[in-house]
Amino acid sequence: MAEHNLLEAVNLALKRAMAEDPRVLVLGEDVGVDGGVFRATDGLLQAYGGNRVFDTPLAETVIAGVAIGLAAQAFRPVAEIQFMGFIYPAIDQLVNHASRLRNRTRGRLSCPMVLRAPYGGGIHAPEHHSESTEAMLAHVPGLRVVIPSSPRRAYGLLLAAIRDPDPVVFLEPKRIYRTFKETLADDGEAWPLDQAEILRPGSDVTLIGWGAMIRECLTAAEQLAADGIEAEVVDVATLAPLDTETILESVQRTGRVVIVHEAAGNAGYGAEIAARIADQGLYDLEAPVRRVTGYDTVMPLPRLEHLYMPNVTRIIDAAQDCLAPA
Amino acid sequence: MSLVAEFTVDHTAYLDAEGKQVQPLPAALDDQGVLVELLKQMLLARCFDTKAIELQRTGQLGTYASCLGQEAVGVGVGHAMRTEDVLLPAFREHALQLARGVHMTELFLYWGGDERGSDFAVPRQDFPVSITVGGHAPHAAGVALAFKLRGEPRVAVCMFGDGATSKGDVYEAMNLAGVWQLPVVFVVSNNQWAISTPRAEQSAAATLAQKAIAAGFRGEQVDGNDVIAVAHVVGEAMAHARNGKGPRLVECLTYRLGDHTTVDDAARYRSDEEVSRAWHEEPLRRLRSFLTGSGAWGQETEDDWLQRCSDEVNQAVDDYLNLPARAPETLFDCLFETLPEGLVAQQQVVMTGGADDG
Ligand SMILES: Cc1ncc(C[n+]2csc(CCOP(=O)(O)OP(=O)(O)O)c2C)c(N)n1
Ligand SMILES: [Mg+2]
């Protein structure tokens, strides 16, 4: 079995999906000849031709909107937004149409589309190239928001997203596009949507995260273990609809929670998770829920990025804070 | 200096405001039977519209956007379309939706505040109305791309107003349709107003049709109160698109005779004189007068037809008002194909009446 990084896993999943289903189309800016600015769509045009892979004009609203029209006509479009910082014109289409078409027509029309976008910081990119505004999307009823944390999950979750009968926003943590590899079978097997996953069991504290923050959480858990603290790491994977069950079960075991995300803390998705724990798991808690997030500032340009991004030290501090006797 | 490009925008009309023919009719529409049919459809649409406003005024319908004065656009486009084409309508295209076969009961249901009104029995692939102005234009490009990829001789027809032409999504859709030579026809119902904003404040362009030229395809104007002109020019645009020759845009010059919606008061921003002048141009009078002149229509025929319209509308109102209410749990059932587990508990709350304040 070959080893692949997350970017290659995305590419493999796209190829697999296109091979198994002629309704799958790929479109976006520079996704064809150039294979995408990160090369996520590399080789697709060559393999499947110009009737399956489309370089679009530079216009995010119509990229999302054309996908909606195609989806309503029973195609399975996978559209790419080059960077999450440029997704906002497409959000109009997601909020007002993709997420509602099924409900608006009582199921007569539906919208089986995927909108992929690289997201998140940590790669020293220009302004607008490091944002994590997943909470805006997770807030939208009728939309799935899926974020992989490893090559295998990227492969399996993207296949699941493409096969799903409803719209999925698939956010790819570009910081870990190439940082590590996993063995990957390319067997076409999907990973389940709507399911959080416990990546490391532990009984003292639960670290909850997604995307690139999972690496930070796992490293923090290792270091905490050296101090005799057993951290459980939960990868949320599908932010919306949220698998509250898995989170509550973990809280039952540990009684302590640290939620980690890159986005600003204010009204970030961690707030929703904390609220659900307060609603349904309050009596399992032995310490206040902690959030380790980006600050409520504008995402800085690269020179100050290291101050903004949650890191292992901040996660460990928060975990220890939970565990400190009151 | 050298001239690198030059463009023209045509304007087409066949009947003037008095119903006098200003040029020979196109062959396919030089047929009294066809024209009588178009007049009947316009009368039916107006009858529906009148009833819808009446229902709203008596608390039996929600906010409603009248199509009064714009019937020729809807009926003309409807005539140009084939059953298998797909319509992506703005919210004022009742005349066209009726021509497409959408049932009046469904339209009442939709404007009465019930999503079931967009689950058309026919035509199954037509889009529901877009309340977001212009937001559906990109979908039309997507639908047209689907036709093109499958090699189907079908056309997507996207309707929007003069206001919508100022929007980026509309231009993005036209631009992409031009680049990809998609089988889509964009039709502007230029009724001179976008709520209180007059056409002149919407764009400094001499015509809205010329916006298509920037996107690389032909745009032209028709007298949108002349159903013959609309049917013919849109028909030609559709044939062009159907033959794989790419998109077209037709700007139909018409006038919104009513308020923007039932919650608007147009007297706040336009004069009675302007509206009276526009009544003189309205689409039914001229076709009626043309067909009366040739003996194909008369008072008695009209009275008979109006009676039938009124019967049909009243039957639809009865059906609409007597439709059983939706079960509470259906609030959830079309959010996703399968309701996510986490939402089942919320659905239970609604089913047991926990959230009903009505
Ligand atoms: C994107 C968007 N902006 C604003 C509105 C509120 N609104 C509804 S109709 C309308 C005017 C539309 O004018 P036009 O496109 O000319 O269509 P008409 O109402 O004249 O048929 C506005 C501003 C809306 N529905 N959608
Ligand atoms: Mg208007």
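Quantities reported herein were computed from a predicted structural model and do not represent experimental measurements. Residue numbering note: each chain is counted from 1, following its sequence as written. Ligands are numbered from 1 and chains lettered from A, in the order in which they are written. Only residues with pLDDT of at least 70 get local features here, since the model is predicted, and only at 80 or more are side-chain atom pairs given and counted; chain-wide, interface and lining totals rely on the full set of residues. Neither water nor hydrogens contribute to the side-chain values; these are computed over all heavy atoms in the structure.

## Quick word on the domain arrangement of chain B
By a widespread convention, an interface's size corresponds to the accessible area lost as its parts come together.
Alright, step 1. As used throughout, domain bounds are those supplied by an automatic or database domain assignment. Domain assignment breaks chain B into domain 1 (11-17 + 27-326) and domain 2 (328-358).
Alright, step 2. Summarising the inter-unit geometry, the C-alpha centres of domain 1 of chain B and domain 2 of chain B are found 36 Å apart.

## Remarks on unusual backbone geometry
Trans is the prevailing form of peptide bonds, just as negative phi is the prevailing case for residues other than glycine.
Alright, step 1. Residue A:Pro241 is bonded to the preceding A:Ala240 through a cis peptide linkage, with omega at -5 degrees.
Alright, step 2. Considering the arrangement of structural elements, one finds A:Pro241 in the loop between strand 12 (238-240) and helix 9 (244-254).
Alright, step 3. Along the chain, B:Val122 connects to B:Pro123 via a cis peptide bond; the corresponding omega equals -10 degrees.
Alright, step 4. Within the secondary structure layout, B:Pro123 lies in the loop between helix 4 (104-111) and helix 5 (137-150).
Alright, step 5. A positive phi is found at A:Asp30, a non-glycine position, where the angle reads about 65 degrees.
Alright, step 6. Put simply, DSSP marks the helices as runs of H or I at least four residues long and the strands as runs of E at least two long, and each gets a number from the N terminus on. Checked against the element boundaries, A:Asp30 lands in the loop between strand 2 (24-28) and helix 2 (44-48).
Alright, step 7. Judged by its relative accessible area of 37%, A:Asp30 is partly exposed.
Alright, step 8. The backbone phi angle of A:Arg106 is positive, close to 50 degrees, even though this residue is not glycine.
Alright, step 9. On the secondary structure map, A:Arg106 appears in the loop between helix 5 (101-104) and strand 5 (114-119).
Alright, step 10. Using a relative accessible area of 14% as the deciding quantity, one classes A:Arg106 as buried. Note on classification: 1.4 Å probe, protein chains only; a residue is buried when its accessible area is under 20% of the maximum for its type, exposed when over 50%, partly exposed between these limits.

## Some remarks on the environment of A:Thr238
Residue and element names in this part refer to chain A.
Alright, step 1. Take Thr238: it is sitting in strand 12.
Alright, step 2. Classification of Thr238 by relative accessible area gives buried; the value is 0%.
Alright, step 3. A sequence separation of 46 residues divides Thr238 from Pro192, and the C-alpha atoms of the two residues are 9.3 Å apart.
Alright, step 4. Contact criterion: two residues are considered in contact whenever any of their non-hydrogen atoms come within 4.5 Å of each other. Setting aside residues no more than four positions away along its own chain, Thr238 makes contact with Val145, Val146, Leu193, Asp194 and Gln195.
Alright, step 5. From its side chain, Thr238 meets the backbone nitrogen of Asp194 in a polar contact 2.8 Å long. Definition of a polar contact: a pair of N or O atoms within 3.5 Å, with one able to donate and the other able to accept a hydrogen when the atoms are protein atoms, and with sequence-neighbouring residues admitted only if both atoms are side-chain atoms.

## Here's the deal with the site of ligand 1
Residue and element names in this part refer to chain B.
Alright, step 1. Around ligand 1, a shell composed of 15 residues is seen, among which Arg92, Asp162, Gly163, Asn191 and Trp193 lie nearest.
Alright, step 2. Separating an oxygen atom of ligand 1 from a backbone N or O atom of Gly163 is a distance of 2.8 Å.
Alright, step 3. A distance of 3.0 Å separates an oxygen atom of ligand 1 from a polar atom in the backbone of Ala164.
Alright, step 4. In these tables, accessible area is a Shrake-Rupley quantity obtained with a 1.4 Å probe, and a residue counts as shielded only by the protein chains included in the view. Protein chains shield 70% of the accessible area of ligand 1, which is 580 Å² for the free molecule.
Alright, step 5. Side-chain classes follow a simple rule in which Ala, Val, Leu, Ile, Met, Phe, Trp, Tyr, Cys and Pro form the nonpolar group, Asp, Glu, Lys and Arg form the charged group, and the remainder, Gly included, forms the polar group. A class-by-class count of the residues in the shell around ligand 1 yields seven nonpolar, five polar and three charged. Here a residue is considered near a molecule or strand provided that any single heavy atom belonging to it is located within 4 Å of it.

## Quick look at the coordination of the magnesium ion (ligand 2)
All names here are of chain B.
Alright, step 1. On the protein side, the magnesium ion (ligand 2) has Asp162 (OD), Asn191 (OD1) and Trp193 (O) as donor atoms, found 2.0 to 2.1 Å from it.
Alright, step 2. Only nitrogen, oxygen and sulfur atoms count as donors, using a 2.8 Å cut-off from the metal that widens to 3.2 Å for Na, K and Ca. Water is left out, so coordination shells may look unfilled. Within one chain, the residues donating to the magnesium ion (ligand 2) are spaced in sequence as D-x28-N-x1-W. Residue Asn191 shares its accessibility class with Trp193, and that shared class is buried.

## Description of the pairing of strand 10 (residues 205-209) of chain A
Residues and elements named next belong to chain A.
Alright, step 1. Counting buried residues along strand 10, five of its five residues qualify, which places the element largely inside the surrounding structure.
Alright, step 2. The alternating pattern of strand 10 places Val205, Leu207 and Gly209 on one face and Thr206 and Ile208 on the opposite face, and all of these are buried.
Alright, step 3. Here, strands pair whenever DSSP counts at least two bridges between them. Two elements, strand 10 and strand 11 (residues 231-235), share five bridges in a ladder whose sense is parallel. Looking across to strand 11, one finds that Leu207 is bridged to Val233.
Alright, step 4. With strands facing away from the observer, any crossover in which the path from the first strand over the helix to the second runs clockwise is taken as right-handed. For the segment spanning strand 10, helix 8 (residues 213-226) and strand 11, crossover handedness is right-handed.

## Some thoughts on empty space enclosed by the protein
Alright, step 1. Lining residues are those with an atom within 4 Å of a point, where the points come from a 1 Å grid over the protein atoms alone and group into cavities, where a 1.4 Å probe fits but cannot get out, or pockets, open sets with protein on both sides within 12 Å along at least five of seven lines. Grid points are joined across faces, edges and corners, and a volume is the space filled by probe spheres set on the points. This model, assessed by the stated rule, comprises five cavities of 30 Å³ or more.
Alright, step 2. Together, A:His97, A:Leu101, A:Arg104, B:Phe127, B:Pro128, B:Val129, B:Ser130, B:His136 and B:His139 line the largest cavity.
Alright, step 3. Each residue belonging to the lining of the largest cavity can be placed in one class, and the counts come to four nonpolar, four polar and one charged.

## Some words on the side chain of A:Gln73
Alright, step 1. As for its position among the elements, A:Gln73 is in the loop between helix 3 (60-72) and strand 4 (76-80).
Alright, step 2. Here A:Gln73 falls in the buried class, since its relative accessible area comes to 5%.
Alright, step 3. A polar contact is formed between the side chain of A:Gln73 and the side chain of B:Arg150, at a distance of 2.4 Å.
Alright, step 4. Discounting residues that sit within four places of it in the chain, A:Gln73 has contacts with B:Val86, B:Gln125, B:Val143, B:Ala146, B:Phe147, B:Arg150 and B:Arg154.

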